[in-house]
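# Reading the structure
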Amino acid sequence: MGLIVNKVVDGMGLSALLGQLNIPLKRPEFDCSLHFGGPVEGGRGFVLHSPEYQSDLSTLKVSHQFSMTATMDILEDMAQGVGPEQRLLALGYAGWGAGQLEAEIAENGWLLCDATQDLVFGVANAEKWPQALKSIGVDALSLSATAGHA
């Protein structure tokens with residue numbers, strides 16, 4: 001499972017989502033963008049966030065830098081302004097069948113870099129892809145649509 005972290009849902013943010021769920025946003029300064037997390041289960045929400053926040057119901061520790069919560073209580077906490085310090089709210093996710101992602105990586109279908117809090121939470125969405133490439137020493141202009149093996 002993966003989340004797209006650089007594509008927002010136009011015209012939709014936390015406040016609009018909370019409005020649909022009848023949850024009042026008591027701290028408007030905590031409003032944030034809603035991201036398109038991927039094409040699978042577009043009505044399902046996920047919050048990728050800094051690890052200091054723990055849901056009373058269920059939080060998955062992804063790494064020492066990231067946790068993920070997909071229960072309603074995180075939205076209620078965010079509406080109160082007591083949610084995670086850093087967060088990315090996403091609808092939907094990207095998914096692969098067993099062994100599919102590994103095969104795509106082996107076929108040079110992906111460029112891999114380390115995810116950092118700064119990259120995910122601190123860089124403007126339009127700059128995330130170029131910054132990710134830069135972190136592995138790649139210039140986007142030098143990329144080709146074809147791959148090979150040496």
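For the structure, see preceding data.
Quick look at the structure, then. (Residues numbered from 1 in each chain as written. Predicted model: local features only at pLDDT ≥ 70, side-chain atom pairs only at ≥ 80, totals over all residues. Heavy atoms only, no water.)

## Describing helix H2 (residues 72-80)
Looking at H2, one finds that the buried residues are Asp73, Ile74, Leu75, Met78 and Ala79. Of the surrounding elements, those touching the buried residues of H2 are helix H1 (14-20), strand S3 (40-49), strand S5 (67-69) and strand S6 (87-93). Remark: glycine 81 follows H2 within two positions and exhibits a positive phi of approximately 85°. (Buried < 20%, exposed > 50% of the residue type's maximum accessible area, 1.4 Å probe, protein only. Helix = DSSP H or I, 4+ residues; strand = E, 2+ residues; numbered from the N terminus. Contact = heavy atoms within 4.5 Å.)

## Brief notes about helix H5 (residues 125-135)
Listing the buried residues of H5 in full gives Lys128, Ala132 and Leu133. Looking straight down H5, one finds its buried side chains confined to an arc of 120°; they lie on one side. Turned more than 90 degrees away from the buried face of H5, the exposed residues are Ala126 and Lys134. Those residues of H5 hidden inside the fold are in contact with strand S2 (33-36), S6 and helix H4 (117-122). Positive phi appears at glycine 137, one or two residues downstream of H5, with a value of about 75°. (Arc of directions from axis to C-beta.)

## Thoughts on the nonpolar core
In a soluble, globular protein the nonpolar side chains are often hidden away together inside. Leu14, Leu75 and Leu89 are the most contacted members of the largest nonpolar core, which has 15 residues in total. Mapped by element, the contributors of at least two residues to this core are H1, H2 and S6. Here the element with the most residues in this core is H2; it accounts for four residues. Ignoring sequence-local partners within four residues, the contact set of leucine 75 consists of Leu14, Leu17, Leu18, Leu21, Val47 and Leu89. Among the nonpolar cores identified, the runner-up in size contains six residues, and Leu48, Leu88, Ala90 and Val120 belong to it. (Core = buried A, V, L, I, M, F, W, Y, C linked by side-chain atoms within 4.5 Å.)

## Here's the deal with the packing of aromatic side chains
Considering all chains together, one arrives at three aromatic pairs under this definition. Relative to tyrosine 93, the ring of phenylalanine 46 has its centre 5.7 Å away and its plane inclined at 85°; by these criteria the two rings are edge-to-face. Separated by 47 residues along the polypeptide, phenylalanine 46 in strand S3 and tyrosine 93 in strand S6 bring together distant segments of the chain. What makes phenylalanine 46 buried here is its relative accessible area of 3%. Residue classification places tyrosine 93 among the buried residues on the basis of a relative accessible area of 14%. Taken together, a centroid distance of 5.9 Å and an interplanar angle of 70° make the contact between tryptophan 96 and tryptophan 110 edge-to-face. Note that tryptophan 96 is positioned in the loop between S6 and helix H3 (100-106) and tryptophan 110 in the loop between H3 and H4, a separation of 14 residues in sequence. (Phe/Tyr/Trp six-rings, centres within 6.5 Å; stacked < 30°, edge-to-face > 60°.)

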